[in-house]
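Structural overview
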Amino acid sequence: PLLYYRNNLMSLVNLLTLMPEYGVEGIVFSSSCTVYGQPDVLPVDESAPIKPALSPYGNTKQICEEIIKDTIHASAPFKSINGVPQNLIPYLTQTAIGIRKELSVFGDDYHTPDGSCIRDYINVVDLAKAHVTAMNRMLENKSPEAIEIFNLGTGRGVSVLELISAFEKATGVKVPHKI
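Residues numbered from 1 in each chain as written. Predicted model: local features only at pLDDT ≥ 70, side-chain atom pairs only at ≥ 80, totals over all residues. Heavy atoms only, no water.

A short note on unusual backbone geometry
Under the convention used in this document: Here a strand is any run of E in DSSP of at least two residues, a helix any run of H or I of at least four, and the numbering for each starts at the N terminus.
The phi dihedral of N141 falls on the positive side, at around 55°, and the residue is not glycine. Among the secondary structure elements, N141 is positioned in the loop between α4 (124-139) and β5 (147-151).

Have a look at this one:
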């Protein structure tokens, strides 16, 4: 947990501290769907309530969002757009190439066709395009508020086991995983 805190929190504080000094007027922060905990309604939209994080990583993302909000509310000279990607792919690829011993699938008793959790995964290119759009929005002063939140998604959920299977089929690499 301390590595997440050091990397996510301290880096953000350093960045926010230096932004005014270098004339940076906006930040796009990619958060995590973990900030919504176990959501009451799916799909999760921007009006969903923030709930207690279920992991140290998720907690750091919640704290980062609060740090950004507090900084801007204290009259920082910049705006923020927060985006929430949902990201299993790094763990999947790290397992496939042997960096991780196996991929953990958290549960097989969900009310889904294969019992694994369904999430709305996005392509990293779409995330990058969303960042560019968000920066342009701020640079062109189209942001009506100092802080805006946009959730990114395709609107079509894929289960964890479906994603593993699709990855294995596309790459020909077997991904060791455990429930």
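Looking at a nonpolar patch on the surface
Note the threshold: Surface patches are drawn from residues lacking salt bridges whose relative accessible area is over 30%; two like charges belong together within 9 Å, two nonpolar side chains (Val, Leu, Ile, Met, Phe, Trp, Tyr) within 5 Å. Only the protein chains shown count as cover for residues, and the accessible areas themselves come from Shrake-Rupley with a 1.4 Å probe. In what follows, salt bridge is the name for a side-chain nitrogen of Lys or Arg lying within 4 Å of a carboxyl oxygen of Asp or Glu.
On the surface, a cluster of nonpolar side chains totalling about 300 Å² of accessible area is made up of L18, Y22 and V24. By secondary structure assignment, the location of L18 is in helix α1 (residues 2-18).

With respect to the packing of aromatic side chains
In plain terms, the rule: Ring pairs are drawn from Phe, Tyr and Trp, using the six-membered ring of Trp, whenever the two centres fall within 6.5 Å, and their geometry is named by plane angle: stacked under 30 degrees, edge-to-face over 60, tilted for the rest. Three exposure classes are used, based on accessible area relative to the maximum for each residue type with a 1.4 Å probe and protein chains only: buried under 20%, partly exposed in between, and exposed over 50%.
Inspection of every chain in the model, using the stated rule, returns one aromatic pair. Ring geometry for Y4 and Y57: centres 5.5 Å apart, planes at 65°, overall edge-to-face. Highlighted residues: Y4 in helix α1 and Y57 in helix α2 (residues 56-73), separated in sequence by 53 residues. Take Y57: its relative accessible area is 28%, and that puts it in the partly exposed class.

Quick word on α4
Where we set the bar: Expected span, for any helix, means 1.5 Å times one less than how many residues it has. Read the arc as the range of directions from the helix axis to the C-beta atoms. Within 3.5 Å is the distance limit for a polar contact, defined as a pair of N or O atoms, with the added protein rule that one can donate a hydrogen and the other accept it, and that residues adjacent in sequence qualify only through two side-chain atoms.
With 16 residues, α4 should reach 22 Å at 1.5 Å per residue; the first-to-last C-alpha distance of 23 Å fits that figure. Within α4, burial applies to L127, A134 and M138. Along α4, the residues classed as buried sweep out an arc of 35° about the axis, all on the same side. In α4, the exposed positions angled more than 90 degrees off the buried face are occupied by K129, T133 and L139. Of the residues flanking the start of α4, the one acting as N-cap is N123, its side-chain oxygen 2.7 Å from the backbone nitrogen of V125.

Here we look at the confidence of the model for the protein
Worth spelling out the cut-off: A residue's pLDDT is the predictor's confidence in that residue, given on a scale from 0 to 100.
Scored by pLDDT, the protein comes out at a mean of 87, with 97% of its residues at no less than 70. Per-element confidence in the protein is highest for helix α5 (residues 160-171), whose mean pLDDT is 95, and lowest for strand β2 (residues 79-84), whose mean pLDDT is 70.

Overview of the packing of helix α3 (residues 89-96) against α5
The cut-off we apply is this: Here, axes are lines fitted to C-alpha atoms. For helices the fit covers the stretch in contact, and angles between N-to-C directions go from 0 to 180 degrees. Angle categories: roughly parallel below 35 degrees, roughly antiparallel above 145, roughly perpendicular from 65 to 115, and oblique for all the rest. By definition, any crossing whose near helix is turned counterclockwise from its far helix by less than a right angle is left-handed, and any crossing with a clockwise turn is right-handed. Residues are treated as being in contact if the distance between any of their heavy atoms lies within 4.5 Å. Under the scheme applied, nonpolar residues are Ala, Val, Leu, Ile, Met, Phe, Trp, Tyr, Cys and Pro; charged residues are Asp, Glu, Lys and Arg; polar residues are all the others, including Gly.
One can describe the packing of α3 onto α5 by two numbers: an axis separation of 11 Å at closest approach and a directional angle of 45°. The angle between α3 and α5 falls in the class oblique. Along this stretch, α3 crosses α5, giving a crossing that reads as right-handed. Every residue of α5 that contacts α3 at I89, L92, T93 and A96 is listed here: L163, I164 and F167. By residue class, the composition of the contact of α3 with α5 is six nonpolar, one polar and no charged.

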